[in-house]
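Read off the chains here:
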Amino acid sequence: QDINGTYVLPIDNPSGAQSVVLTFGYFDAGNNWWFAVDNIKLTGEPAPLFYEDFNGVPLGDSVDELNEGVPYPNSWTKTAPAGWTIDDTQVPNGGMTEWRGWSFATVEFWNTVAGQSRDSFTAGTGAVAIADGDEWDDAAHDEGEMTTFLVTPAIDISGQEAGSLALRLDSSYRPWDDQT
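As the structure is a prediction and not an experimental result, all values here were calculated from the model. (Residues numbered from 1 in each chain as written. Predicted model: local features only at pLDDT ≥ 70, side-chain atom pairs only at ≥ 80, totals over all residues. Heavy atoms only, no water.)

## Description of the sheet that holds strand β3 (residues 23-29)
Think of a sheet as strands paired side by side through backbone hydrogen bonds, with each pair either parallel or antiparallel. On the basis of which strands lie adjacent, the open sheet formed by three strands has the order β3-β12-β9 and antiparallel pairing. Two strands in the sheet have a free side with no partner beyond their single neighbour: β3 and β9 (85-90). Here the average twist between neighbouring strands, direction ignored, is 10°. Direction of pairing for β3 relative to strand β12 (residues 146-151): antiparallel, over a ladder of five bridges. Counterpart to alanine 29 in the pairing with β12 is methionine 146. (Pairing = 2+ DSSP bridges. Helix = DSSP H or I, 4+ residues; strand = E, 2+ residues; numbered from the N terminus. Axes fitted to C-alpha atoms, helices over the stretch in contact; angles between N-to-C directions.)

Dropping the structure here:
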C-alpha cells in the first residue's frame, strides 16, 4: 500500500507447471483513489521469462480529460499490449472515459489531470497501467463501484523448478475505504 513501491513476490509454481497467467484486480472502487502498475517482470532461470513496461501501447488523444477544451495529445489508450486482456464487465457505464476500468496512460498525463500525489509514482515511466476509481467517478455514471481486471497472456514457465519464480513490479496504490 505504497504510492511508489517496488515489490518482489514469490510465485508458488508447482512442479511440472507449463504456464502462468497473472491477473491484476481492482475491486469496489468509486471515488476512492487508484492502483497503477509498471515494469512487470516474471523471473526464473536462466533469465527473465516475461517483461512488460507498457511503453509500446499506441497512445491517442484524451476524450473527457481536456486542457481548456482541447484533448491532450498522445496521452492514453484502452488498447492493451498484445495478448493482454482488460475485463471491464463489472464497471458501471459512464464515468470519465479515460479511467473506466484499466487504461494505459503516460504518467505525465495522469499527473496533470489527476494530481493528488499521483506524481509520487516515480518508479512508473512512460506509459503505465492505471485503474483510477477516483478520476472515473468525476463524471456521471450508472450506480455502483468499479471492479476491473487486467490479465497477462499465458507465460511459458515450462522447465522451471517448483517454487522458483518471482514477480517483480513497480506499483502505486492508494487505497480508500472498501477498495481492494
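Past the structure itself, the notes keep going.
## Some points on the nonpolar core
In terms of nonpolar packing, the biggest core is built from 47 residues, with Phe24, Val37, Ile40 and Trp99 touching the most fellow members. A total of six residues in this core trace back to one element, the largest contributor, which is strand β4 (residues 34-43). (Core = buried A, V, L, I, M, F, W, Y, C linked by side-chain atoms within 4.5 Å. Buried < 20%, exposed > 50% of the residue type's maximum accessible area, 1.4 Å probe, protein only.)

## Things to note about helix α1 (residues 107-114)
Buried within α1 we find Val107, Phe109, Trp110, Val113 and Ala114. Down the axis of α1, the smallest arc covering the buried residues is 160°, so these residues share one side. Looking at the residues trailing α1, positive phi occurs at glycine 115, about 55°. (Arc of directions from axis to C-beta.)

## Here's the deal with the packing of aromatic side chains
In this structure the tally under the stated criterion is eight aromatic pairs. Measuring from centroid to centroid gives 5.3 Å for phenylalanine 54 and tryptophan 84, while their planes differ by 70°, and the two rings are edge-to-face. With phenylalanine 54 in the loop between β5 (48-52) and β6 (66-67) and tryptophan 84 in the loop between β8 (76-77) and β9, this pair connects stretches of sequence that are 30 residues apart. Under the relative-accessibility criterion, phenylalanine 54 is labelled buried at 0%. Look at phenylalanine 54 and phenylalanine 104: their rings are 5.3 Å apart centre to centre, the planes differ by 35°, and that puts the pair in the tilted class. In this pair, phenylalanine 54 is assigned in the loop between β5 and β6 and phenylalanine 104 in strand β10 (residues 102-106), connecting sequence segments 50 residues apart. Neither phenylalanine 54 nor phenylalanine 104 differs from the other in exposure class; each is buried. (Phe/Tyr/Trp six-rings, centres within 6.5 Å; stacked < 30°, edge-to-face > 60°.)

## A short note on the environment of alanine 127
Mapping alanine 127 onto the fold places it in strand β11 (residues 127-132). Alanine 127 gets classed as buried once you look at its relative accessible area, which sits at 3%. Residues alanine 127 and leucine 66, 61 residues apart in the sequence, show an inter-C-alpha distance of 18 Å. Excluding residues that lie within four positions of it along the chain, alanine 127 makes contacts with Asp38, Asp53, Phe54, Asn55, Val57, Ala105 and Thr106. (Contact = heavy atoms within 4.5 Å.)

## Re unusual backbone geometry
Positive phi, normally seen in glycine, also occurs at asparagine 74, with a value near 45°. The residue asparagine 74 is located in the loop between β7 (70-71) and β8 in this model. Owing to a relative accessible area of 52%, asparagine 74 belongs among the exposed residues under this scheme.

## Section: the confidence of the model for the chain
For the chain, the mean per-residue pLDDT works out to 91, and 94% of the residues sit at or above 70. β3 is the least confidently modelled element of the chain, averaging 83 in pLDDT, while β8 averages 98, the highest of any element. (pLDDT = per-residue confidence, 0-100.)

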